[in-house]
Amino acid sequence: DVAPPSPPVDPAAVRTEIGVPADARLALFVGRLAPQKRVADLLKVLDLLQHVQPDLRTAIVGDGPLRRDLEKLAGQLHLTERVLFLGHRDDVPRLMAASDVVVLPSEYEGLPNVVLEAMVHAKPVVATAAPGTTEVVVDGQTGLLSPIGHLPTLARNLRDLIRDPRRAQALGAAGRERALADFRADAMVARFADLYERLAAAKGLPDAPAPR
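All figures in this text were calculated on a predicted structure; none of them were measured in a lab.

Caption draft 1: Summary view of the environment of A168. Secondary-structure assignment places A168 in helix 7 (residues 165-182). Each C-alpha atom of the pair A168 and V92 lies 20 Å from the other, and the pair is 76 residues apart in sequence.

Encoded structure:
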């Protein structure tokens, strides 16, 4: 859905609702709390940043088998005041509208919907160069990518965008343009139709009958 949330979102109200200070910067993770997503890496990155970027808060949206372990790790890293485990939510577009950056530290993806949603909402993406994610995020143009599991680079990318709102805004705007140009439903359908027609032609299959 490329339409903005309706009614329009008041970011300050959303932040107050989830317990984020008005003057904080907000990173957002959305996904299943499972090994593939490497959320523990994100918590370790936030540990690296908590003393150099004390205004950063992170909302973790989603549930899964690792939730209890991740909450325990956040406590061990003294991140309880900086990381919010929000569980399953039906209002991700509202949370996205209230965030400054979307983070995805995955090991692999298919076609990550959360990244496409972030781009549609003109939010910059800080992610790993995971299979799937690299099909969507153009490093340095619509977001910032780091090697999978390389925490210092992921931390630096997140810190840099938090500290440079103008660059974050530019990456987000470019991401929205790319999402609308290349990943809208009608564009994807047309590309798949073209692919099927080319494959059929290559195999010498007859043309499909015209739709009635």
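Caption draft 2: Inspection of the packing of helix 2 (residues 39-49) against helix 6 (residues 151-163) at higher detail. For the pair helix 2 and helix 6, interaxial distance at closest approach is 9 Å and the crossing angle is 65 degrees. In this structure, helix 2 crosses over helix 6, and the sense of that crossing is right-handed. On helix 6, the residues that touch D41, K44, V45, L46, L48 and L49 of helix 2 are L151, L154, A155, L158 and R159. Among the residues making up the contact of helix 2 with helix 6, the classes are represented as eight nonpolar, no polar and three charged.

Caption draft 3: Seen up close, the side chain of D41. By secondary structure assignment, the location of D41 is in helix 2. Of the polar contacts made by the side chain of D41, one reaches the side chain of R38; its length is 2.7 Å. D41 has contacts with G149 and L151, leaving out every residue within four places of it along the chain.

Caption draft 4: Inspection of helix 6 at higher detail. For helix 6, spanning 13 residues, the distance from its first C-alpha to its last is 18 Å, which sits close to the expected 18 Å at 1.5 Å a residue. The set of residues buried in helix 6 consists of L151, T153, L154, A155, N157, L158, L161 and I162.

Caption draft 5: Fine view of the pairing of strand 2 (residues 56-61). Counting buried positions along strand 2 gives six out of six residues, so the element sits mostly inside the fold. Of the two faces of strand 2, the one lined by L56, T58 and I60 and the one lined by R57, A59 and V61 are each fully buried. Relative to strand 2, strand 1 (residues 25-30) is paired through six bridges, and the arrangement is parallel. Each residue of the ladder has a partner; that of A27, found in strand 2, is T58. Crossover strand 1 to strand 2 through helix 2 is right-handed. Taken together, strand 2, helix 3 (residues 67-76) and strand 3 (residues 83-87) constitute a β-α-β crossover, and its handedness is right-handed.

Calculation criteria
Here the residue numbers are simple positions, counted from 1 along each chain's written sequence. Only residues with pLDDT of 70 or above have their local features reported here, since the model is predicted, and side-chain atom pairs are shown and tallied only from 80 upward, although totals for entire chains, interfaces and linings are computed over all residues. Side-chain measures were taken over the full set of non-hydrogen atoms in the model, leaving aside hydrogen atoms and water. Secondary structure counts use DSSP, requiring at least four H or I residues in a row for a helix and at least two E residues in a row for a strand, with both numbered from the N terminus. Only C-alpha atoms enter the line fits that serve as axes; for helices the fit covers just the stretch in contact. Angles between N-to-C directions range over 0 to 180 degrees. Handedness of a crossing is defined here by the sense of rotation of the near helix relative to the far one, left-handed for an anticlockwise turn of less than a right angle and right-handed for a clockwise turn. Residues count as neighbours in contact if any of their non-hydrogen atoms are within 4.5 Å of one another. Nonpolar residues are Ala, Val, Leu, Ile, Met, Phe, Trp, Tyr, Cys and Pro. Charged residues are Asp, Glu, Lys and Arg, and all others, Gly as well, are polar. The term polar contact refers here to a pair of N or O atoms within 3.5 Å; inside protein, the definition further demands a hydrogen-donor-capable atom paired with an acceptor-capable atom, and it admits residues adjacent in sequence only when both atoms are side-chain atoms. The span expected for a helix works out to 1.5 Å for each residue beyond the first. Here the term buried applies to any residue with accessible area under 20% of the maximum for its type, exposed to any over 50%, and partly exposed to those in between, with areas from a 1.4 Å probe on protein chains only. When DSSP finds two or more bridges between a pair of strands, those strands are recorded as paired. Place the viewer so that the strands point away; then a crossover is right-handed whenever the path from the first strand over the helix to the second strand goes clockwise.

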